[in-house]
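Descriptive analysis of the structure
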Amino acid sequence: MAFVDYEVKGQYAVATINRPKALNALNDQVITDLAEMMDKIDMDTIRCLIITGSGEKAFVAGADIGQMSTLTKAEGEAFGKLGNDVFRRLETLPIPTIAAVNGFALGGGCELAMSCDIRLASDTAVFGQPEVGLGITPGFGGTQRMARLVGPGKAKELIYTARNIKAPEALEIGLVQAVYPAAELMAAAEKMASRIAGNAPIAVRACKKAINDGLQVGMDEAIVIEEQQFGGCFESEDQKNAMAAFMEKRPHDPFVNR
Ligand code: CAA
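Below is a short write-up of the structure. Note that this is a predicted model, so its numbers are computed, not measured.

Cut-offs and rules
- Residues numbered from 1 in each chain as written.
- Predicted model: local features only at pLDDT ≥ 70, side-chain atom pairs only at ≥ 80, totals over all residues.
- Heavy atoms only, no water.
- Phe/Tyr/Trp six-rings, centres within 6.5 Å; stacked < 30°, edge-to-face > 60°.
- Helix = DSSP H or I, 4+ residues; strand = E, 2+ residues; numbered from the N terminus.
- Buried < 20%, exposed > 50% of the residue type's maximum accessible area, 1.4 Å probe, protein only.
- Pairing = 2+ DSSP bridges.
- Near = heavy atom within 4 Å.
- Polar contact = N/O pair within 3.5 Å; in protein donor to acceptor, adjacent residues only side chain to side chain.
- Areas by Shrake-Rupley, 256 points an atom, 1.4 Å probe, with all protein chains shown as cover.
- Nonpolar A, V, L, I, M, F, W, Y, C, P; charged D, E, K, R; others polar.
- Core = buried A, V, L, I, M, F, W, Y, C linked by side-chain atoms within 4.5 Å.
- Contact = heavy atoms within 4.5 Å.

On to the packing of aromatic side chains. Aromatic ring pairs are reported here in terms of the distance separating the ring centres and the angle at which the planes meet. Tallied over the full model, the rule gives three aromatic pairs. Geometrically, the ring pair formed by Phe87 and Phe140 is edge-to-face, given 5.4 Å between the ring centres and 75 degrees between the ring planes. Here Phe87 is found in helix 3 (residues 73–91), whereas its partner Phe140 is found in the loop between strand 8 (126–128) and helix 5 (142–150), with 53 residues between them in sequence. Each member of the pair, Phe87 as well as Phe140, is classed as buried.

In structure tokens:
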């Protein structure tokens, strides 16, 4: 992969978008590399994925404006589909994902962060959907995920005005879950990934699926989705071990993802 580094760190992995000269902007190749990175994840052993950007300035400064500048209508739709397909795959990846947003997260960068389950930001992070200032709409899911994450009114305000926001405001509106000094961001993300990895993987993945799938439907259907995921956990070795340990008042054995 030319533009995405993938590093396994025990039970979690770190994917780093590595195109710092263009502030990690997303061209075709970066997007294809993100898909290839997901192909590499060993779902038996990896229990959480962190995504971050290389360099000190940017997470991802958006889709590549140079590449987009000459697109036709059909090519624009195809580029949107390329990004949307990969980001949707990321959003529905069975394992939890954390965006460690270490700087500019604009346009496609903000959309990439919003496709992750959890967003942690450095105090230097800047978020925004500047697209209308470039004569386009957000194209990698921004109109949809921003509205779902912060509510339609705030999403419309930010998207229509193309106003960038700094980390404290992103925290205030619920776009990010926590803000850290830049030097502490990765350690915090890795600590969270380790903590998630220490819980029963089948149960964690079932929670992700229940939340994601349940949000797409009405409450009556959503609670049935939860019942099915809840029920499925009772077939796992990890559930039997953890509950037996509780009953016997001893620590449970490490979870085995079975
Ligand atoms: N596409 C292509 N190249 C980009 C880029 C982008 N989105 N963002 C930054 N770069 C490049 C710059 O062209 C520059 O390259 P050169 O050194 O070759 O000139 C390099 O990265 C460094 O950038 P700057 O010199 O501009 O750095 P700065 O510190 O002065 O400004 C910035 C930083 C405010 C993030 C500024 O780079 C910027 O505004 N970038 C564009 C942000 C943007 O509009 N993103 C949305 C794109 S549209 C989109 O993403 C659509 C979608 O939803 C799919």
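For the rest of this paragraph, the subject is the sheet that holds strand 6 (residues 104–106). Here we have four strands laid out as an open sheet, ordered 4-6-8-9, and mixed in their pairing. A strand with exactly one partner marks an edge of an open sheet, and here the two such strands are strand 4 (58–60) and strand 9 (165–166). One ladder, built from three bridges, connects strand 6 with strand 8; its direction is parallel. Its bridge partner being in strand 8, Leu106 is matched across the sheet by Gly128.

Taken together, 23 residues are adjacent to the ligand, and Lys57, Ala63, Gly108, Glu111 and Glu131 come closest. At 2.8 Å from an oxygen atom of the ligand is found a main-chain nitrogen or oxygen belonging to Gly108. With respect to the ligand, the side chain of Glu131 contributes an N or O atom lying 2.7 Å from an oxygen atom. In isolation the ligand has 980 Å² of accessible area, and contact with the protein removes 61% of it. Where the shell around the ligand is concerned, the elements lending two or more residues are helix 2 (65–68), strand 6 and helix 4 (108–114). Residue composition of the shell around the ligand, by class: 14 nonpolar, four polar and five charged.

As a further point, take the nonpolar core. Membership of the largest hydrophobic core comes to 47 residues, with the highest contact counts inside it found for Leu49, Ile51, Phe127 and Leu175. A total of six residues in this core trace back to one element, the largest contributor, which is helix 1 (residues 28–40). If we ignore the near neighbours within four places in the chain, the residues touching Leu175 are Cys110, Met114, Arg119, Phe127, Met146, Leu149, Val150, Ile165 and Ala170. Judged by nonpolar contacts, the second largest core, of 12 residues, contains Cys48, Ala178, Leu185 and Ile196.

Examined bridge by bridge, strand 1 (residues 4–9) and strand 2 (residues 12–17) share six bridges and lie antiparallel to one another. Bridge pairing in strand 2 links Tyr6 to Ala15. Between strand 1 and strand 2, which pair antiparallel and follow one another directly, the connecting turn spans two residues, one of which, Gly10, has a positive phi of 65 degrees.

Quick look at the side chain of Asn27 now. When you line up the elements, Asn27 lands in the loop between strand 2 and helix 1. Note on Asn27: relative accessible area 13%, which makes it buried.

Turning to the environment of Leu82, a few remarks are in order. Here Leu82 lies in helix 3. Classification of Leu82 as partly exposed rests on a relative accessible area of 28%. Distance from Leu82 to Leu120, taken between C-alpha atoms, is 26 Å for residues 38 residues apart in sequence. Apart from the residues within four sequence positions on either side, Leu82 is in contact with Asp28 and Ile31.

Let us look at the environment of Gly142. Following the sequence through the fold, Gly142 ends up in helix 5. Remark: the alpha-carbon pair of Gly142 and Ile159, spanning 17 residues in sequence, is separated by 8.6 Å. Once you skip the residues sitting within four places of it in the chain, Gly142 turns out to touch Glu111, Met114, Gln129, Ala147 and Ile159.

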